[in-house]
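Chains, contacts and geometry: an overview
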Amino acid sequence: MTKLNQLTLITVLILGCLSVLCVSQDFDFFYFVQQWPGSYCDTQQSCCYPTTGKPAADFGIHGLWPNRNDGSYPSNCDSSKPFDQSQISDLTSSMQKNWPTLACPSGNGIKFWSHEWDKHGTCSESVLDQHGYFQAALSLKKQVNLLQILQSAGIKPNGDSYSLEDIKGAIKGATGLTPWIECNTDTSGNSQLYQVYLCVGTSGSNLIECPVFPHGKCGSNIEFPSF
Ligand code: 5GP
Ligand code: 5GP
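Presented here is an overview of the structure given in this document. (Residues numbered from 1 in each chain as written. Chains lettered and ligands numbered in written order. Predicted model: local features only at pLDDT ≥ 70, side-chain atom pairs only at ≥ 80, totals over all residues. Heavy atoms only, no water.)

Overview of the pattern of salt bridges
Counted according to the given criterion, the structure contains three salt bridges. One salt bridge in this structure joins Arg 68 and Asp 26, with 2.7 Å as the shortest N-O distance. In this pair, Arg 68 is assigned in the loop between β2 (60-67) and α3 (92-98) and Asp 26 in the loop between α1 (3-23) and β1 (29-35), connecting sequence segments 42 residues apart. Here Asp 26 falls in the partly exposed class, since its relative accessible area comes to 42%. Across the pair Lys 141 and Asp 58 runs a salt bridge, and its minimum N-O distance is 3.0 Å. With a gap of 83 residues between them, Lys 141 in helix α5 (residues 130-143) and Asp 58 in the loop between α2 (37-41) and β2 connect regions that are remote in the sequence. For Lys 141, a relative accessible area of 11% gives the class buried. (Salt bridge = Lys/Arg side-chain N within 4 Å of Asp/Glu carboxyl O. Helix = DSSP H or I, 4+ residues; strand = E, 2+ residues; numbered from the N terminus. Buried < 20%, exposed > 50% of the residue type's maximum accessible area, 1.4 Å probe, protein only.)

The structure is reproduced here in C-alpha cells:
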C-alpha cells in the first residue's frame with residue numbers, strides 16, 4: 001500500500017468513527033406517553049397531586065421516551081447536560097398546564113421535567129436539544145387531544161368501564177394509529193386506564209405506527225375514573 005493510500009484509509013476510518021460518534025442515534029423511535037391523573041390518584045398511595053394546586057382534569061404528558069425497535073431503550077445518556085430551567089423559560093407556563101406533576105405532597109414540575117430530561121431527553125440529543133425536546137412533546141400533545149377524542153366516542157371519565165377495544169378503536173379512528181394502553185388498578189383492584197402510548201418518528205414531530213409495543217396487560221373492560 002502506498003503512503004497516500006494508507007493516509008486515505010486512515011482518514012476514512014477516522015471520519016467514519018467520528019460520524020458514528022457525532023450523529024449516532026441510539027434509538028429508533030419515541031414513545032409519547034400521556035397519563036390520566038384520575039388513575040394516578042385513586043390508587044393505594046396516601047396522596048396524589050401537590051398541595052399547591054390540582055391540575056386540570058385532562059391527560060398530562062408523562063414523557064417522550066427514545067426507544068429501540070427491539071424493545072430496549074437507552075437511559076441517562078449524558079450527565080454533562082443536566083436539566084437547565086433557563087433554556088425553557090418560554091415554555092414554563094405551557095409545561096405547567098400540559099405536563100403537570102402529580103407527585104405529592106410537595107411535588108413541583110421542575111423536579112419531574114428534570115427527571116424526564118435526564119433519564120430520557122439526554123438520549124435523543126442527537127436530534128433535539130433541551131428546548132426542542134420539551135417543545136416537541138408540547139406540540140405532540142396539541143396534535144392529539146386524547147380526552148376530546150375519547151369523549152367524542154362516548155368514553156367519558158366518569159368512573160364507568162369501557163371495553164379496551166372501544167378505547168383503542170376511538171384513538172385509532174381519530175389518529176389513524178394504534179395506541180398502547182397501560183393500565184393500573186384502583187384500591188378495589190379494578191383495572192383502569194392509566195397511560196396512553198403513541199409512537200413518534202426520530203425527529204420527534206410525526207406520529208408513526210408503533211414498531212413494537214411495551215408489555216403489560218389490561219382487563220378487556222377498564223375503568224375510566226373521574227378526576
Ligand atoms: P414502569 O416500570 O413503571 O413501567 O416504568 C418505569 C419507567 O421506566 C417509566 O416511567 C419510563 O421512564 C421507563 N420505561 C418503562 N418502560 C419503558 C419503555 O418501554 N421504553 C422507554 N423508553 N422507557 C420505559
Ligand atoms: P419514570 O417512571 O418516567 O422513570 O419516572 C417517573 C418519576 O417521576 C418517578 O420518580 C415519579 O415519582 C416522578 N414523578 C413526578 N411527577 C410524576 C407524575 O405526575 N407522574 C408520574 N408517573 N411520575 C411522576
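Digging into the site of ligand 2
As a structural note, the neighbourhood of ligand 2 is formed by 13 residues, with Thr 101, Leu 102, His 115, Glu 116 and Lys 119 the closest of them. Separating a nitrogen atom of ligand 2 from a side-chain N or O atom of Gln 35 is a distance of 2.8 Å. The separation between an oxygen atom of ligand 2 and a polar side-chain atom of His 62 is 2.9 Å. Taken by itself ligand 2 offers 500 Å² of open surface, and the protein chains cover 70% of this. Counting only elements with at least two residues in the shell around ligand 2, the list comes to β2 and α4 (109-119). Per element, the largest residue contribution to the shell around ligand 2 is four residues, and it comes from α4. Looking at the shell around ligand 2 residue by residue, the class counts come to seven nonpolar, four polar and two charged. (Near = heavy atom within 4 Å. Polar contact = N/O pair within 3.5 Å; in protein donor to acceptor, adjacent residues only side chain to side chain. Areas by Shrake-Rupley, 256 points an atom, 1.4 Å probe, with all protein chains shown as cover. Nonpolar A, V, L, I, M, F, W, Y, C, P; charged D, E, K, R; others polar.)

Thoughts on the state of the cysteines
A complete count under the given rule lists five disulfides for this structure. Through a disulfide, Cys 47 is tied to Cys 104; the S-S separation comes to 1.9 Å. Since a negative S-S torsion denotes a left-handed disulfide, the Cys 47-Cys 104 link at about 95 degrees is right-handed. Here the residue Cys 47 occupies a position in the loop between α2 and β2, and Cys 104 occupies one in the loop between α3 and α4, the gap between them amounting to 57 residues. Residue Cys 104 is classed as partly exposed on the basis of its relative accessible area of 28%. Here Cys 199 connects covalently by a disulfide to Cys 210, the sulfurs 2.0 Å from one another. Judged by the torsion about the S-S bond (100 degrees), the Cys 199/Cys 210 disulfide is right-handed. Taken together, the residues span a long stretch of sequence, with Cys 199 in strand β5 (residues 191-200) and Cys 210 in the loop between β6 (207-208) and β7 (221-223) at a distance of 11 residues. Among the residues examined, Cys 199 registers a relative accessible area of 1% and is labelled buried. (Disulfide = S-S within 2.5 Å.)

What about helix α7 (residues 164-175)?
Between its first and last C-alpha atoms α7 spans 17 Å; for 12 residues at 1.5 Å apiece the expected length is 16 Å, and the two agree. Within α7, the full set of buried residues consists of Leu 164, Ile 167, Ala 170 and Ile 171. Each buried residue of α7 sits inside an arc of 135 degrees when the element is viewed along its axis, so together they form one side. Of the exposed residues in α7, the ones pointing more than 90 degrees away from its buried face are Glu 165 and Gly 173. Residues of α7 that are buried in the fold lie against α6 (146-152), β3 (161-163), β4 (180-185), β5 and β7. A positive phi of about 80 degrees marks Gly 176, the residue just after α7. (Expected span 1.5 Å × (residues − 1). Arc of directions from axis to C-beta. Contact = heavy atoms within 4.5 Å.)

Let's talk about the site of ligand 1
Contacts to ligand 1 come from Tyr 31, His 62, Trp 65, Pro 66, Asn 67, Tyr 73, Lys 119 and His 120. Asn 67 has a polar side-chain atom sitting 2.5 Å from a nitrogen atom of ligand 1. Separating an oxygen atom of ligand 1 from a side-chain N or O atom of His 120 is a distance of 2.6 Å. Surface burial for ligand 1 is 63%, taken as the share of its 490 Å² of free accessible area covered by protein chains. With four residues, β2 is the single largest residue contributor to the shell around ligand 1. Along the lines of polarity and charge, the residues of the shell around ligand 1 split into four nonpolar, three polar and one charged.

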